[in-house]
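Coordinate analysis (summary)
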Amino acid sequence: EPTAVLTEKEADALLDSIRAMSKRGISVIFITHRLHEILSVCDKVVIMRDGHVVKDTPAKETNVDEITKAMVGRKVNTSVSQDIIDHSDAKTIMSIRKLWVDMPGEIVRNVNLDIQEGEILGIGGLAGQGKLGIPNGVMGLYEAGGTVEFDGKPIPLNNPRKCLDEQLAFVSEDRRGVGLLLDETLEWNVAFPAMQIHNKFLKSYLGGLVKWRDEKAIHEVTEQYIDELKIKCTSSKQKARELSGGNQQKVCLAKAFALEPKFLFVSEPTRGIDVGAKALVLEALKKFNRESGVTVVMISSELEELRTTCDRIAIVSGGRIAGILPATESSEAFGALMVSQVK
C-alpha cells in the first residue's frame, strides 16, 4: 500500500519509479487496493480472497470490474437476508460528523454517518481503511475528534463512561484484550459491567446505604445467556480464559446484552470462530435487534456476513464513507465502493 498516504502527484511519481525499476530488470511485487494503479503498472495481476489465490492473469486481459468480482465474489452464492427492513422513515438515532480517530493501523479522517433507530447497519471495507476506528473512536477507546449526537444529545468523545451512561454498548474486535476478564468466572464477566454502570444485580441493605451482589440474579442471568447462546462450558463458574474463541465471543455478546443498551456497536463478531459459532452469533445479533428494538452497528471484514445480517451497509475507504447501499445490492457494487477513491 505505498500510495495510500500520498497525493495524486506523489503517487504518479512513485509509479514512474516502479516502472523504471522494472525496466532495469528488478522484479516488483506491488500490493495495493487501488486497482487502476495495478492495471497501469503491472504485467500480471494476482487476486487473493480468504487466504487463497483466486485469479492469476495478465493485466492486459482483465479490468477493474473483473478484479472486483474476484475479490469479493463467492464460489457458492450466499443467500442475502430476506427480512431486510426499510428504516428510512425512522428517526436518526446517531449522527456522526467529521469524525477522526487516532488508532494505530486505521485511517479515520472525516467520517459523516447517520444511523436510523432500530436498524442493523453494517460497516465494511478493506483492512486499515477505517472501519474498526469508527466504533473505537465513538466509544472513547482511542483519541478522537469531531461530533457525535445520540438520541438528539451530544456525546462527548474520549469519555467511555459517558457513552455507557447513555446506554451505548460495544463488543470489541479484541475480545481477549478488551472484551473479557479472562481470569474471572462467566458470571462475573456477564454481570460486572451492568452492575458497575447501571446498578443491576445488586441488593440494597440498611435503606440503600449498603449494596451487595445479588448472587442469585447474577447466576440466573448467566445461565439464561449460556442457554440462549449455547455457550459450551462446564458451568457458569468456569473462567473465561478456559473457553474456546467462539464461546468467548458469545460471552462478550452476553455481557453486552445484559447491559440492555439502546445502541450496540459490535466489531468483527465472527473473527476467528468456527462456522457453527458464526451462524449462532449472527442469529443472536439479529434476534436481539428485532425483538428488543436495539439499534445495531456491525463492523466486519466479511462482506457476505454483512449482506446476510444487515439492513444497510456502509463502506469505508480512505477514512471516509464511500457509500451506503441496501444489503440486497450485489457484492460487485460493494466491491466497487471498497476500491473507490473518496475525495
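Residues numbered from 1 in each chain as written. Predicted model: local features only at pLDDT ≥ 70, side-chain atom pairs only at ≥ 80, totals over all residues. Heavy atoms only, no water.

**Some words on the overall build of the protein chain**
If you tally the helices and strands in the protein chain, you get 12 helices and 14 strands. In the protein chain, which comprises 343 residues, the share counted as buried stands at 49%. Pairs at least 24 apart in sequence give 63% of the contacts found in the protein chain among residues at least 6 apart. Roughly 16,900 Å² of accessible area belongs to the protein chain as shown, and the carbon and sulfur atoms make up 51% of that amount. Positive and negative side-chain charges in the protein chain, numbering 44 and 48 respectively, have mean positions lying 2 Å apart. (Helix = DSSP H or I, 4+ residues; strand = E, 2+ residues; numbered from the N terminus. Buried < 20%, exposed > 50% of the residue type's maximum accessible area, 1.4 Å probe, protein only. Contact = heavy atoms within 4.5 Å. Areas by Shrake-Rupley, 256 points an atom, 1.4 Å probe, with all protein chains shown as cover. Lys, Arg positive; Asp, Glu negative; His and termini not counted. Charge placed at Lys NZ, Arg CZ, Asp CG, Glu CD.)

**Observations concerning the environment of Gln 248**
Mapped onto the elements of the fold, Gln 248 is located in helix 9 (residues 245–258). For Gln 248, a relative accessible area of 1% gives the class buried. Considering only alpha carbons, one finds Gln 248 and Leu 186, 62 residues apart in sequence, at a separation of 9.3 Å. The residues touching Gln 248, leaving out its near neighbours within four places in the chain, are Arg 175, Arg 176, Leu 180, Leu 182, Ala 240, Arg 241 and Leu 243. Side chain to side chain, Gln 248 and Arg 176 meet in a polar contact 3.5 Å long. (Polar contact = N/O pair within 3.5 Å; in protein donor to acceptor, adjacent residues only side chain to side chain.)

**Quick word on the environment of Gln 224**
Checked against the element boundaries, Gln 224 lands in helix 8 (residues 215–228). The class for Gln 224 is partly exposed, based on a relative accessible area of 36%. Along the backbone, Gln 224 and Glu 8 are 216 residues apart, and their C-alpha atoms lie at a distance of 55 Å.

**Brief notes about the layout of surface pockets**
In this structure, the largest pocket encloses a volume near 1,200 Å³. Residue lining of the largest pocket: 41 residues in total, with Ile 31, Thr 32, Val 46, Ile 47 and Met 48 positioned closest to the centre. Elements with a contribution of two residues or more to the lining of the largest pocket: helix 1 (8–23), helix 2 (35–41), strand 1 (44–49), helix 3 (64–72) and helix 11 (303–309). Here the lining of the largest pocket takes six residues from strand 1, the largest share from any one element. Looking at the lining of the largest pocket residue by residue, the class counts come to 22 nonpolar, nine polar and 10 charged. Here the second largest pocket is characterised by a volume of approximately 500 Å³. Lining the second largest pocket are 22 residues; nearest its centre among them are Leu 164, Phe 170, Val 178, Pro 193 and Lys 255. Secondary-structure elements contributing two or more residues to the lining of the second largest pocket are helix 5 (160–165), strand 8 (168–171), helix 6 (175–179), helix 7 (186–198) and helix 9. Ranked by residues supplied to the lining of the second largest pocket, first place goes to helix 7 with six residues. Tallied by class, the residues present in the lining of the second largest pocket amount to 16 nonpolar, four polar and two charged. (1 Å grid on protein atoms, 1.4 Å probe; cavity = no way out; pocket = protein on both sides within 12 Å on 5 of 7 lines; lining within 4 Å. Points joined across faces, edges and corners; volume = space filled by probe spheres on them. Nonpolar A, V, L, I, M, F, W, Y, C, P; charged D, E, K, R; others polar.)

**Quick notes on the packing of aromatic side chains**
Applying the stated criterion to the full structure yields five aromatic pairs. Ring geometry for Phe 257 and Phe 288: centres 4.0 Å apart, planes at 25°, overall stacked. With Phe 257 in helix 9 and Phe 288 in helix 10 (residues 275–292), this pair connects stretches of sequence that are 31 residues apart. An angle of 70° between the planes, with centres 5.0 Å apart, marks the rings of Phe 263 and Phe 265 as edge-to-face. Comparing Phe 263 with Phe 265, the two get one shared label, buried. (Phe/Tyr/Trp six-rings, centres within 6.5 Å; stacked < 30°, edge-to-face > 60°.)

**A few points about the pattern of salt bridges**
Counted according to the given criterion, the structure contains 17 salt bridges. In this structure, Asp 56 engages Lys 44 in a salt bridge whose closest nitrogen and oxygen atoms are separated by 3.9 Å. Here Lys 44 lies in strand 1 and Asp 56 lies in strand 2 (residues 52–58), a separation of 12 residues in the sequence. You can call Lys 44 exposed: its relative accessible area is 52%. Residues Glu 119 and Arg 312 are paired through a salt bridge, measuring 2.8 Å at the closest nitrogen-oxygen approach. Note that Glu 119 is positioned in the loop between strand 4 (108–116) and strand 5 (120–124) and Arg 312 in strand 13 (residues 312–317), a separation of 193 residues in sequence. (Salt bridge = Lys/Arg side-chain N within 4 Å of Asp/Glu carboxyl O.)

**Quick notes on the sheet that holds strand 7 (residues 153–154)**
Picture the strands of a sheet paired through backbone hydrogen bonds; they go either parallel or antiparallel. The sheet built from four strands is open, its strands ordered 4-3-6-7 with antiparallel pairing. Edge positions in the open sheet fall to strand 4 and strand 7, since each of these has one partner strand only. As defined by bridge partners, strand 3 (residues 92–101) adjoins strand 6 (residues 144–150) across six bridges and the pair is classed as antiparallel. If you follow Ile 96 over to strand 6, its bridge partner there is Val 148. (Pairing = 2+ DSSP bridges.)

**Quick notes on the sheet that holds strand 5**
Reading across the sheet, the six strands line up as 8-11-12-5-13-14 and stay open at both edges, with mixed pairing between neighbours. Looking at strand neighbours, the two that pair on one side only are strand 8 and strand 14 (320–326), the edges of this open sheet. Along the sheet, successive strands turn relative to each other by an average axial angle of 20°, direction set aside. Both strand 13 and strand 14 contribute to a ladder of six bridges, which runs antiparallel. (Axes fitted to C-alpha atoms, helices over the stretch in contact; angles between N-to-C directions.)

**Observations concerning the confidence of the model for the protein chain**
Scored by pLDDT, the protein chain comes out at a mean of 89, with 94% of its residues at no less than 70. Of the regions scoring below 50 in pLDDT, residues 74–80 engages in 12 contacts with residues more than four places distant in sequence or in other chains. (pLDDT = per-residue confidence, 0-100.)

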